[in-house]
Amino acid sequence: MILNLVLIAMILAMLIPMYEAWQDDDIWQKMLAFASAATKTSIMILVVSVLRDDWMIGVVGVIILSVGNAGLMLLAHVIKRMNEV
């Protein structure tokens with residue numbers, strides 16, 4: 001029961017940066033919000049894997065946590081380079 005409340009709190013914490021980015025037109029704020037959401041989602045996957053005692057779900061969470069933001073950071077670098085040209 002307590003861990004379910006923790007999971008609900010994590011979902012609400014994930015929505016806060018999305019709401020802030022929705023109000024702002026800055027592309028960097030939106031990319032930062034998506035990176036934050038990806039990290040928080042992978043942490044939630046790890047919590048669910050502990051709750052269910054399923055290590056395969058945990059492996060997916062670790063993979064998302066380790067390489068999930070790499071594509072987003074590459075996109076940010078490409079956009080930064082395009083603005084310099």
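A brief structural summary. (Residues numbered from 1 in each chain as written. Predicted model: local features only at pLDDT ≥ 70, side-chain atom pairs only at ≥ 80, totals over all residues. Heavy atoms only, no water.)

### A closer look at the side chain of Ser49
Thought 1: With respect to the helices and strands, Ser49 occurs in helix α2 (residues 27-52).
Thought 2: A distance of 2.7 Å separates a polar atom in the side chain of Ser49 from the backbone oxygen of Leu46. (Helix = DSSP H or I, 4+ residues; strand = E, 2+ residues; numbered from the N terminus. Polar contact = N/O pair within 3.5 Å; in protein donor to acceptor, adjacent residues only side chain to side chain.)

### Brief notes about helix α1 (residues 2-23)
Thought 1: Between its terminal C-alpha atoms α1 stretches 33 Å, which fits the 32 Å expected from 22 residues at 1.5 Å a residue.
Thought 2: For α1, the full list of buried residues reads Leu7, Met10, Met14, Pro17 and Ala21. Each buried residue of α1 sits inside an arc of 80° when the element is viewed along its axis, so together they form one side. Of the exposed residues in α1, the ones pointing more than 90 degrees away from its buried face are Ile2, Leu12, Ile16 and Trp22.
Thought 3: Here the buried face of α1 lies against α2. (Expected span 1.5 Å × (residues − 1). Buried < 20%, exposed > 50% of the residue type's maximum accessible area, 1.4 Å probe, protein only. Arc of directions from axis to C-beta. Contact = heavy atoms within 4.5 Å.)

### Description of the nonpolar core
For soluble globular proteins, the rule of thumb is that nonpolar side chains tend to be buried together.
Thought 1: If you look at the biggest cluster of nonpolar residues, it comprises five residues: Leu7, Met10, Met14, Ala37 and Met44.
Thought 2: Broken down by element, the residue count for this core peaks at three residues, all from α1.
Thought 3: When sequence neighbours within four positions are dropped, the list of residues in contact with Met10 reads Ile43, Met44 and Val47. (Core = buried A, V, L, I, M, F, W, Y, C linked by side-chain atoms within 4.5 Å.)

### Observations concerning the packing of aromatic side chains
Thought 1: Taken as a whole and judged by the stated rule, the model has one aromatic pair.
Thought 2: For the pair Tyr19 and Trp22, a centre-to-centre distance of 6.0 Å together with 40° between the ring planes defines the contact as tilted. On the criterion of helical spacing, the pair formed by Tyr19 and Trp22 is a turn pair, its members being three residues apart in helix α1.
Thought 3: On the basis of relative accessibility, which here comes to 45%, the residue Tyr19 falls in the partly exposed class. (Phe/Tyr/Trp six-rings, centres within 6.5 Å; stacked < 30°, edge-to-face > 60°.)

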